[in-house]
Amino acid sequence: MAIRKSAALIAGLAVVFGAMAGCSADRTPASAGSSGGDKPLIGITMPTVSLERWNNDGAGLKKQLEDMGYKTMLDYADNKNEQQIQQLENQINSGAKVLVIASIDGKTLGPTLQKAADKGIKIIAYDRLIMGTPNVDYYATFDNYKVGQLQGNYIKDNAKLDGATTPLNFEPFAGSPDDNNASLFFKGAWDVLKPYVDSGKLVINSETGKKAAGNWQDIGILEWKSATAQSEMENRLNSFYTDKKVQVVLSPNDSLALGIAQALETKGYVVGKDWPILTGQDGDVANVKNILAGKQSMTVWKDTRELAKKVAAMVDEIVSGKTVTTNDTKTYNNGNKVVPSYLLDPQVVTKDDVQSKLVDSGFITADKLK
Ligand code: BGC
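Cut-offs used in this document
- Residues numbered from 1 in each chain as written.
- Predicted model: local features only at pLDDT ≥ 70, side-chain atom pairs only at ≥ 80, totals over all residues.
- Heavy atoms only, no water.
- 1 Å grid on protein atoms, 1.4 Å probe; cavity = no way out; pocket = protein on both sides within 12 Å on 5 of 7 lines; lining within 4 Å.
- Points joined across faces, edges and corners; volume = space filled by probe spheres on them.
- Helix = DSSP H or I, 4+ residues; strand = E, 2+ residues; numbered from the N terminus.
- Nonpolar A, V, L, I, M, F, W, Y, C, P; charged D, E, K, R; others polar.
- Domains from an automatic or database assignment.
- Near = heavy atom within 4 Å.
- Polar contact = N/O pair within 3.5 Å; in protein donor to acceptor, adjacent residues only side chain to side chain.
- Areas by Shrake-Rupley, 256 points an atom, 1.4 Å probe, with all protein chains shown as cover.
- Sits in = over half its atoms within 2 Å of the grid points.

### Side note on empty space enclosed by the protein
Counting across every chain of the model gives four cavities of 30 Å³ or more. A volume near 100 Å³ is recorded for the largest cavity. Considering the residues around the largest cavity, the lining is formed by 13 residues, among which Trp54, Arg128, Trp224, Asn253 and Asp282 are closest to the centre. Secondary structure elements with two or more residues in the lining of the largest cavity: α2 (52–67) and α6 (180–198). Considering only residue class, the lining of the largest cavity consists of four nonpolar, three polar and six charged. When residues of the lining of the largest cavity are assigned to domains, at least three fall in each of domain 1 (7–136 + 303–344) and domain 2 (144–301). What the second largest cavity holds in volume is close to 40 Å³.

As structure tokens, then:
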């Protein structure tokens, strides 16, 4: 007992000293020092460790680059924008030659990226576009509008909206208002679903949900938090669904879908009886388990290993002075310029293809799904 207590004390002190030294508790131990071979230092910043995908992205990219001989610094910012800016400044001062950034609030990095550009550092926006600055050289992501389209089309097909004779109760959600991707996910889905809302085949009952028809940010869940999505869904169910059931829920990603499923469960919805169609994105383990249990209908899977591979290749092209491979030079205008982009293809995963797409490819090991 005494030993356990003192171990806990030491761990506690380590956290306190870490914080005092300006280290973030949300920083992987491996990132504390640079490692790798004799090629230049590459800075990687990811938004948070609290979401599974960013852990995979960060670790995957770090490994790819180190295998190619690069030194890396990998930082996670606990979804705190100021913390991310500090980490970027630190990477710039540490001599990074390329910064790979999955931003938190992509509109606020301009002044920091100017400092980077002044030192000749190249910037790759990773997954999320960085807005309003000329100092973003490349963007690598999955086709974000298509993610939303896949979700919208899944709902359209599986709720059989074209043949529907009775209206279905529908609740839309959107992602974090500060994330440019969230707007594209919502637009992609809304472009498919709006005609059915307009024709009355999909009926939004909640006051918040109705705001989807105006500005998507009004229904956005800040920081993509599961707990916020859960309480929002509970509020909607408590206030607008005392005499009816929700039949379709648009969730832009898995972290929101997790909270929404929890709210449905709390309110007594039962799989196979009255559980609604519920969308998602990412293929997080907890959500794939929910898909197998019938509590989530689909996820839009983005194989983050492919994104890491692509970005590592871009870094190498930049450092060795080669032409950087992009496949889209039209779509991603960040308000200052069109950023040359490489778009990867997202795909739908349902219960039927968890094994063939996620397990057989090694994205998730079978034991994690038990
Ligand atoms: C990413 C999604 C992710 C979300 C929350 C978005 O920018 O594209 O894959 O679910 O952020 O982290």
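Moving on from the coordinates now.
### Things to note about the site of the ligand
Taken together, 13 residues lie near the ligand, and Arg53, Asp127, Arg128, Asp179 and Asp282 sit nearest. Here Asp282 contributes a side-chain N or O atom positioned 2.5 Å from an oxygen atom of the ligand. At a separation of 2.9 Å, an oxygen atom of the ligand approaches a polar side-chain atom of Lys302. When the free accessible area of the ligand is taken as 310 Å², the share hidden by the protein chains comes to 99%. Mapping the ligand onto the cavity grids shows that it belongs to the largest cavity. Listing elements by their share of the shell around the ligand, those giving two or more residues are α2 and α6. The residue inventory of the shell around the ligand, partitioned by class, reads four nonpolar, three polar and six charged. When residues are assigned to domains, the shell around the ligand turns out to be shared by domain 1 (7–136 + 303–344) and domain 2 (144–301), each giving three or more.

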